[in-house]
Amino acid sequence: MSIIQALRSNVGGKRSIWHALPLAPPDKIIGLVEMFKADTSPQKVNLGVGAYRDDQGRTYILPSIREAELSIVNSNMDKEYTGISGVPEFVKVALEFAYGPDSEPLQSGRIAASQSISGTGGCRLAGEMVKTFFGKVKVYIPDPTWPNHVALFRNSGLEPVFYKYYDPATKSVDFEGLVNDIKNAEDGSFFVLHACAHNPTGCDPTQDQWDILSKLMLEKNHLVFFDCAYQGFATGDAEADAYAIRKFVADGHSIMLSQSFAKNFGLYGERVGCFSLITSDSEECARVNSQLKLVVRAMYSNPPIHGARIVAKVLSNPVLKAQWYEECKGMADRIRDMRLLLRQKLEQGEQKEGVTWNHVTDQIGMFCYTGLSLPQVLRLREEFHIYCTDDGRFSMAGVNTGNVDYLAESVRAVL
């Protein structure tokens, strides 16, 4: 319906021109949170939202973040608009964090970059840049992937296509299927890869497999976009978590990259991110940066400053940076401990034939892709007040020593 048609149908002016819009389906994660809040059971467990909690189930703000924030507040910094590309000090440390301070493209001024509205904004910038300069092309995304990838790239004007990534039978990476889909894609295709701690499966290629993928994608001239939301949070080692990014760059890929500082720095609501891409030389980089600024200006003009200043303060201060590394490792270690404890509890007692739980500890990062079916997930929700996404993904941050026994007993009950 056009605007004119809507106006003509509004006889008597009793309805707005929006009267024919259908009700959009609710966001599944937000809907899950609302169901959890409405549940009055004292045993309820929230395993839906990907936000870190401590062992008492409380929101955790890293002490290094608090210290950096206090320093910023006490310095009486202004609240002026930042430039289109964001807080310069933040962009600098963000690139060093991902690519490494000794990265050749970084040292030679070949990385075009802009602060983004967290990782979501970085993904959208990637989609906008590709659509603006290469048209409505296919974007290959893993099956499964973070659900918002589909909407982000589709709304950017691209055509999302799934490639094989996960094998439900082994509950691990379907490496053979992944390689075949990369080979069969048209040369010069646009591929999205999760840099570490794949969401939702928690299954990552090994370093040897990353090496193979880099070589293959270089031979195919594929454009690679890394979505990096968990650097440091995946294994507790930010350098190890950057392996895939740095390997592809070292091999000569002109990658695109979106970084999020929500999970690893606990800055969820601050929406801190960085988008970058590698160019051929500094002159080309200047031209790409100029075009990137036009995309940002038309989309959100310029990004927020507070969270970016916090990250910049932490990563540029040797004492705070070392403190953050320990705190981030502490979060990752707690998640790893909960994986081990949950697996031990699930393996207690008589087991159903064919049921194994090694994947709980084989996977990494915030999420555990349990392999539970939708009927089993619904039983957990309705009978045991345990809330996870429909695909059986558990947010391991919601597991703690106080609820792990009940969780394991409930999972065994629905098998």
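Note that this is a predicted model, so its numbers are computed, not measured.

Quick word on the pattern of salt bridges
As enumerated under the stated definition, the model contains 19 salt bridges in all. A salt bridge links Arg124 to Glu128; the shortest N-O distance between them is 2.9 Å. Here Arg124 pairs with Glu128, and both are found in helix H6 (residues 118–134), just four residues apart, close to one helical turn. Owing to a relative accessible area of 25%, Arg124 belongs among the partly exposed residues under this scheme. Glu128 sits in the buried class, given a relative accessible area of 17%. Bridged by salt links that share partners, the residues Lys329, Asp333 and Arg336 form one connected network.

Some words on the pairing of strand E4 (residues 159–164)
As paired strands, strand E3 (residues 138–143) and E4 are joined by six bridges and run parallel to one another. Looking at E4, one finds that Ile141 is bridged to Phe162. Crossover connection from E3 via helix H7 (residues 148–155) to parallel E4: handedness right-handed.

Quick notes on helix H12 (residues 282–299)
Between its first and last C-alpha, H12 extends 25 Å over 18 residues, near the 26 Å set by a 1.5 Å rise per residue. Measuring from the side-chain oxygen of the N-cap residue of H12 to the backbone nitrogen of Glu283 gives 3.2 Å; that N-cap residue is Asp281. In the stretch just after H12, Ser301 is the one whose phi turns positive, near 70°.

The rules behind these values
Residues numbered from 1 in each chain as written. Predicted model: local features only at pLDDT ≥ 70, side-chain atom pairs only at ≥ 80, totals over all residues. Heavy atoms only, no water. Salt bridge = Lys/Arg side-chain N within 4 Å of Asp/Glu carboxyl O. Helix = DSSP H or I, 4+ residues; strand = E, 2+ residues; numbered from the N terminus. Buried < 20%, exposed > 50% of the residue type's maximum accessible area, 1.4 Å probe, protein only. Pairing = 2+ DSSP bridges. Right-handed = clockwise from strand over helix to strand, strands pointing away. Expected span 1.5 Å × (residues − 1). Polar contact = N/O pair within 3.5 Å; in protein donor to acceptor, adjacent residues only side chain to side chain.

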